[in-house]
Amino acid sequence: MKTNLLAHINDPKDLRKLGKNQLKTVAKELREFIIAIVAAKEGHLGASLGVIELTIALHYVFDTPNDLLIWDVGHQAYGHKILTGRRDVFHTNRQLGGISGFPKRSESIYDAFGTGHSSTAISAALGMALASKLKGDFQKQHIAVVGDASIASGMAFEGLNHAGVTDANLLIILNDNAMGIDPSVGALKKYFTDVKAGKKVRKNNIIEALNFNYSGPIDGHNIDEIITELERLKSIKGPKFLHIITTKGKGLQQAENDQVTYHAPGRFDKITGELPAKNNVPQPPKYQDVFGETIVELAKNNPKIVGITPAMPTGSSLKLMIDEMPERAFDVGIAEQHAVTLAAGMATQGLIPFCAIYSTFLQRAYDQIIHDVALQHLPVIFCIDRAGIVGEDGATHHGAFDITYLRCIPNMVIFAPLNEIELRNIMYTAQLGIDFPLAIRYPRGQGTLIEWKQPFTKIKIGKGNCVSEGSEIAVLSIGTIGNKLIALQPEFPKNKVAHYAMRFVKPLDEDLLHQIFQKFETIVTIEDGTIIGGFGSAILEFASNNNYTNKTVKHLGIPDHFVEHGKVDELFESIHLSNEKIKEFLLKLL
């Protein structure tokens, strides 16, 4: 009778009771388990399949959770979660009320550090190692598993630079599969490729030059070799660096062959690995594709246009420009700070840089936005993808804060299109020539229009639109969430609810706002950004500055707490931004 070893592993102590000769079976079962669940429930796939043997070896050799283990980036931690008591709830991964798709300290004592963004593990693990030393604990191990895309980030280098002059008990494991979400880029990637190929770089080993005890590269799918090396490294003092070679998507042929698609493939057949056939019925485009196709269209007629993205060419659709105009489109790797200042440098020389960055990752370059761009009045165009609620990736990835953190910056202009046509037109307007930094925010997912490729029209900076007239309540929306109001309009009493798509958070359309405040007693703002400091706050500031103190102003937006993971519609419902909740709110006011 076949024994299911994985079914009997409820924590790493159970794993450590097994013989080494049984671990290959555990690896096979763990891969099959992850494939089966992700095929049905969706999630990140390739990254976790690539580190199955490493995951098992780490928990077999080290005394987790007493020894501290950090995954960077955390989407490679599915096997870790399953082996640390979450096997029976793994089917709830990334679902509302279920476990997170990333390590999360509040979820498990085995999750030593939350890692939804990249390149933080070395600094965090070093901090833990130094804390252990200060407490007199010289036995505790501190391990950071870092991807080859993550280690190229500036923050990772800051951690390496500090760690190399300490005697901290720190082990950094480089999971080298030459992939992030897209293929890794840059000189460091080339360096590690040369190391793997056995070229003569070892005498000038960059890691050894930083005072690390370097070992490798070794086969990351040979579990016996990994265990042997981890056991050896446990007894070595000071900072250590183990280089392992893995294959992203290992164990599912389609995931190995198409590592970009199978990073997070959606549903697929767990046996064949095939994706479902695409629906050929015409659908509105994704906003990222509107950006990608439009920048190529504009760049063909304007040689000054350049595109920049930090490691998200496919996700942002800048890959369309990279493929067509590789000399004018740049993937700079996981380096948001560099991306922004690179754009600033280009702008000083008369180029028109479109810097495509997810909202949650733009946070990582805040000083560069202020110091290198806005302070110098440089016309960098920030195309802020994944603004608002993004869904199953959860709190680390929601684009909740960009309106708030950008609105306070002098010289910054902030635009949120109502639909695909407005996104195209603001991009067209920007490349005609501006003398200020411009932020254009748009959400993840599909738009609303089939016929979106309309002739370009110049947008007047700082001007909003009246979408529909009304007599009792004025609803002021910013961005694509205004489409909810358009859909709801037939359900309100006729001519009662006016809707204004304000488009610009900064500068506000003050002429239009004066008309609104003089006509209406009740004004409602709605945004898919944080209420505190956001668009609604800007409207309140306008009201206060202009002595509209007798008006009722209500806000709908993201509340003052981190929104968890779940489907976008579920999350909108939970924060009272679903169509039904908005309708209920406005009808009560009427």
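Residues numbered from 1 in each chain as written. Predicted model: local features only at pLDDT ≥ 70, side-chain atom pairs only at ≥ 80, totals over all residues. Heavy atoms only, no water.

1. Some remarks on the sheet that holds strand S9 (residues 381–385)
- Pairing in this open sheet of 7 strands is mixed, and the strands run S7-S6-S8-S9-S11-S10-S15 from one edge to the other. With one partner strand each, in any of the chains shown, strand S7 (329–331) and strand S15 (504–506) form the two edges of the open sheet. Sheet twist, expressed as the average angle between the axes of neighbouring strands with direction ignored, equals 20°.
- Relative to S15, strand S10 (residues 413–415) is paired through 2 bridges, and the arrangement is antiparallel. Its bridge partner being in S15, Ile 414 is matched across the sheet by Lys 506. (Pairing = 2+ DSSP bridges. Helix = DSSP H or I, 4+ residues; strand = E, 2+ residues; numbered from the N terminus. Axes fitted to C-alpha atoms, helices over the stretch in contact; angles between N-to-C directions.)

2. With respect to the nonpolar core
- Residues Phe 382, Leu 476 and Ile 516 are the most contacted members of the largest nonpolar core, which totals 53 residues.
- No other element matches the 6 residues that helix H15 (residues 336–348) contributes to this core.
- What Leu 476 contacts, discounting residues up to four positions off in sequence, is Tyr 500, Met 502, Leu 513, Ile 516, Ile 523, Val 524, Thr 525, Ile 526, Phe 535 and Ile 539.
- Counting residues in each nonpolar core, the second largest holds 50 residues, with Leu 6, Ile 37, Leu 45 and Leu 230 among its members. (Core = buried A, V, L, I, M, F, W, Y, C linked by side-chain atoms within 4.5 Å. Buried < 20%, exposed > 50% of the residue type's maximum accessible area, 1.4 Å probe, protein only. Contact = heavy atoms within 4.5 Å.)

3. Structural notes on unusual backbone geometry
- Going from Asp 72 to Val 73, the amide bond is cis rather than trans, its omega being 0°.
- Each neighbour pair has its own omega, and for Lys 506 with Pro 507 the value is -5°, a cis peptide bond.
- Here Pro 507 is to be found in the loop between S15 and helix H21 (510–519).
- Residues other than glycine seldom take positive phi values, yet Glu 42 does so here, at roughly 75°.
- If you trace the backbone, Glu 42 turns up in the loop between helix H2 (23–41) and helix H3 (46–50).

4. Overview of the sheet that holds strand S13 (residues 473–477)
- Spatially, the 5 strands line up as an open sheet ordered S12-S14-S13-S16-S17, and their pairing is mixed. If you trace the sheet from one side to the other, it starts and ends with strand S12 (465–468) and strand S17 (552–558), each paired once. Across the sheet, the axes of successive neighbouring strands diverge by a mean angle of 25°, strand direction being ignored.
- Bridging between S13 and strand S14 (residues 497–501) involves 5 bridges; their strand directions are parallel. In the sheet register, Ile 473 faces S14, and the bridge partner there is Val 497.
- Set on the sheet, helix H22 (residues 535–545) makes contact with S13, strand S16 (522–530) and S17; between it and S16 the angle comes to about 145°.

5. Overview of the pairing of strand S1 (residues 68–72)
- Most of S1 is tucked away: 5 of the 5 residues are buried.
- Of the pairings in the sheet, the one linking S1 to strand S2 (residues 142–147) comprises 5 bridges and is parallel in character. The partner of Ile 70 across the bridge, within S2, is Ala 144.

6. Observations regarding the side chain of Asp 67
- With respect to the helices, strands and loops of the structure, Asp 67 is situated in the loop between helix H4 (52–61) and S1.
- Buried charge without a salt bridge: Asp 67, with Lys 234 as the nearest opposite-charge side chain at an N-O distance of 5.5 Å.
- A polar atom in the side chain of Asp 67 sits 2.8 Å from the backbone nitrogen of Asp 63.
- From its side chain, Asp 67 meets the backbone nitrogen of Gln 141 in a polar contact 2.9 Å long.
- Setting aside residues no more than four positions away along its own chain, Asp 67 makes contact with Phe 62, Gln 139, Lys 140, Gln 141 and Ile 143. (Lys, Arg positive; Asp, Glu negative; His and termini not counted. Salt bridge = Lys/Arg side-chain N within 4 Å of Asp/Glu carboxyl O. Polar contact = N/O pair within 3.5 Å; in protein donor to acceptor, adjacent residues only side chain to side chain.)

Just distances and angles here, no functional claims.
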